[in-house]
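# Descriptive structure summary
Chain residues, written in single-letter form:
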Amino acid sequence: MAAIIETSGLTRSYGDICALKPLDLCVPEGEWLTVMGHSGSGKSTLLNLLGGLDRPTGGSIQVRGTDLASLSEDGLARFRRDCVGIIFQQHHLIPYLTALENVMMSQYFHSVPDEAEARHALERVGLGHRLKNRPGELSGGEQQRVCIARAIINSPRLLLGDEPTGNLDHKSTTMVMELLRELRDEDRFSIVMVTHNQEVAAWGDRTIHMDDGCLVREERIKAC
Amino acid sequence: MLIRILKSSFLKRPKPVLLVLLSIVMGSAVATAFLGISGELSHKMALELRSYGANIVLEPAAGEAGALKSDDLPKIKTIFWKHNIVGFAPYLFGQVDFASAAGRQRAVLAGTWFGRPLQVPGEPDSIQGVKVTAPWWELDGRWPETPDEAVIGAALAKRLKLAPGSDIVATAAGKERRFRIVGVASTGGFEEEQLFAPLAEVQALLNKPGQLSRVLVSALTVPMDDFGRKDPSRMTREEYEKWYCTAYVTSVAKGVEEAMSGSRAKPIWQIASAEGALLKKLESLMLLLTGLALFSAACAVSSSLMAAMAKRSPEIALMKTMGADRLQIAAIFLGETLVISVIGGLFGYLAGDRLAVVISRTVFNSTVTSPLWLFPTAIGAALVVALAGSAAPLKRALAIEPVRVLKG
């Protein structure tokens, strides 16, 4: 299967501190990769580099054949809106917009807002009845589902999750993970998800363990 | 979607929006008020400056000695710039022998109008004469009211030991005329050596009926600029029309000259230049104050937006994460700025218009109507304030790094 992500000797340093030591990683199209590790192990740094939110200080990083290190600021912005959907632990929804408008905003930056499509995306994540609610009127699980709808609205080939269930209770976590699996099975996008939670990691196809900026262990959970 | 974002942004964040709006309204209002009254202020100041004295002198053209005619005087109030003519005073000068109780002396007798009603068909009645053109004369006594009354210059009065109530006899060409002194004039100039009597009496005494030596004209003019200083004889037709239709002292003088046959009109440059320089400084001061008001408003807008931007940095970081490029982010924030500045400009114009009325009434005791061009100017000023004020916050917004802001 073709690789969606390929890194070679990928490093990221902040001054003297090396947050990510040379990393070779290959993620095939459609794979759900989970990244585990302690705080400061470099997993979020890796995720930011994969999402084009940060630039490497060494090595190469290719996502769908595009060398991210060679892109300009606006080129990285284009890459993010065309290829990537990102889900955060803290949800990061715009508080003065409704759930529907939050999803439509992602469409606005990508191309043209389409209310029907945004409504459908929210219905897919089970929030068809919460379209007009603002983030403050939604539970944590519901907010995270809005984030998922926002992340998938532009049909990205890569979904990045930075501890997306970190703030959710067990029931909501299960709901979000089931939803992600369902959407992944339907849309066949790849997922790279950072988590602390062993149970959450078990939803993926493969887990890599990081420590002190290095990939220390890898385990395949199920065949891709 | 942009409209939805802007609408929601305004409705859900009323406090910072109101702060920015208030700054823009204030800047735009002060600019509107200052610019609104600057025209009125210049006009009032120009009127006040007319107390400097006449700024145009009419004399017989070369080769036409003593040829100015009294009959032409009313024509001065019919020229293109007739509304700018504040007043004029005709003079006929002659060397005569004066005799008083203190002795005899040869000096200048000036025939003039003191405050003569002038009626010109189709024009409002006016008073013309020395009272109008030389309001700065200090008069001990009163102005003459009958043909045998006169005003004497302070220096001549001292030499001839004359005071209000004294009589003086003027002799010329074998004719005598007795005048009663009703006022002693102190001017600080050559007028203090002269006797001023009614024009018709002096014309009769000097045997020069209907003749004038000089006419002093006091006119409202605009400050001279490079164009005004150009030689009219070298101007193109369009330039000449523009020059003729601008109230430069030279073009008003030209109009007066055309009205008085055989005359040559010259600006009295020490008066005209001083007035022009003062009016120019006044205009510059008003523009400077307007600029300062706008600058202060822009600073207030900038600091309000900076504070708002700090609060909104997660939002901006999120937009960047979703793939918004710099242009899209700038469009959102400049769109907000544009809407606020148009509203601010509108309210600023209305507030500034009222402020101009209050200032005009309080300071000049007159009413002022803001010209129509002030409306787009107010909107423009609001836009300038908003854009200048949002430059630094926008730069900061575009420099936000999502990784740092959304961490954790």
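Chain B is annotated in an unreviewed UniProt entry as ABC transporter permease of Geomonas propionica. Its UniProt record, at the heading Sequence similarities (unreviewed entry), says of chain B: "Belongs to the ABC-4 integral membrane protein family." On record in UniProt, under Subcellular location (unreviewed entry), the comment for chain B is "Cell membrane".

In the annotation of an unreviewed UniProt entry, the entry for chain A reads ABC transporter ATP-binding protein, and the organism field reads Geomonas propionica.

## Describing the environment of Ser38 of chain B
Residues and elements named next belong to chain B. Among the secondary structure elements, Ser38 is positioned in helix α2 (residues 14-49). We classify Ser38 as partly exposed; it has 18 C-beta atoms within 10 Å. The sequence separation of Ser38 and Met286 amounts to 248 residues, and the corresponding C-alpha distance is 6.6 Å.

## With respect to the interface of chain B and chain A
With 22 residues of chain B at the contact, the number on the chain A side is 22 residues. Elements with a contribution of two residues or more to the side of chain B that touches chain A: α1 (2-12), α8 (269-321), α9 (326-364) and α11 (402-405) of chain B. Of all the elements, α8 of chain B adds the most residues to the side of chain B that touches chain A, at six residues. Taken together, the residues of the side of chain B that touches chain A break down into ten nonpolar, five polar and seven charged.

## Focus: the sheet that holds strand β6 (residues 84-88) of chain A
All names here are of chain A. Taken in spatial order, the six strands line up as β6-β7-β8-β3-β9-β10 in an open sheet, and their pairing is mixed. Of all strands in the sheet, those with a lone pairing partner are β6 and β10 (214-220), marking the two edges. Adjacent strand axes in the sheet meet at a mean angle of 15°, parallel and antiparallel pairs treated alike. The sheet contact formed by strand β3 (residues 32-37) and strand β8 (residues 190-195) spans five bridges and is parallel. Paired with Thr34 across the strands is Met193, a residue of β8.

## Comments concerning the sheet that holds strand β5 (residues 66-67) of chain A
Residues and elements named next belong to chain A. Ordered by their spatial adjacency, four strands build an open sheet running β2-β1-β4-β5, and the pairing between neighbours is antiparallel. Looking along the sheet, the strands with just one partner apiece sit at the ends: β2 (17-28) and β5. Where strand β1 (residues 3-14) lies against β2, eight bridges are found, and the strand directions are antiparallel. Bridge pairing in β2 links Tyr14 to Ile17. Packing of helix α1 (residues 43-50) onto the sheet brings it into contact with β1, β2 and β4 (58-63), and relative to β1 it is tilted by some 120°.

Cut-off values and rules
Sequence positions are assigned chain by chain, starting from 1 and proceeding in written order. Both sets of labels track the order of writing: A upward for chains, 1 upward for ligands. Whole-chain, interface and lining totals are the exception, using all residues; otherwise, since this is a predicted model, local features are given only for residues with pLDDT of at least 70 and side-chain atom pairs are given and counted only at 80 or more. UniProt positions are given in the numbering used here, feature names are shortened, and annotations may be inferred rather than shown by experiment. Here a strand is any run of E in DSSP of at least two residues, a helix any run of H or I of at least four, and the numbering for each starts at the N terminus. Using C-beta atoms placed from the backbone, we call a residue buried if 20 or more other C-beta atoms fall within 10 Å of its own, exposed if 12 or fewer do, and partly exposed for counts in between. Think of it this way: build a C-beta for each residue from its backbone, and any pair within 7 Å is a contact. For this scheme, ten residues count as nonpolar: Ala, Val, Leu, Ile, Met, Phe, Trp, Tyr, Cys and Pro. Four count as charged, namely Asp, Glu, Lys and Arg, and the remainder, Gly too, count as polar. Two strands qualify as a pair provided that DSSP identifies no fewer than 2 bridges between them. In this analysis an axis means a line fitted to C-alpha atoms, helices contributing only their contacting stretch, and an angle means the value between N-to-C directions, from 0 to 180 degrees.

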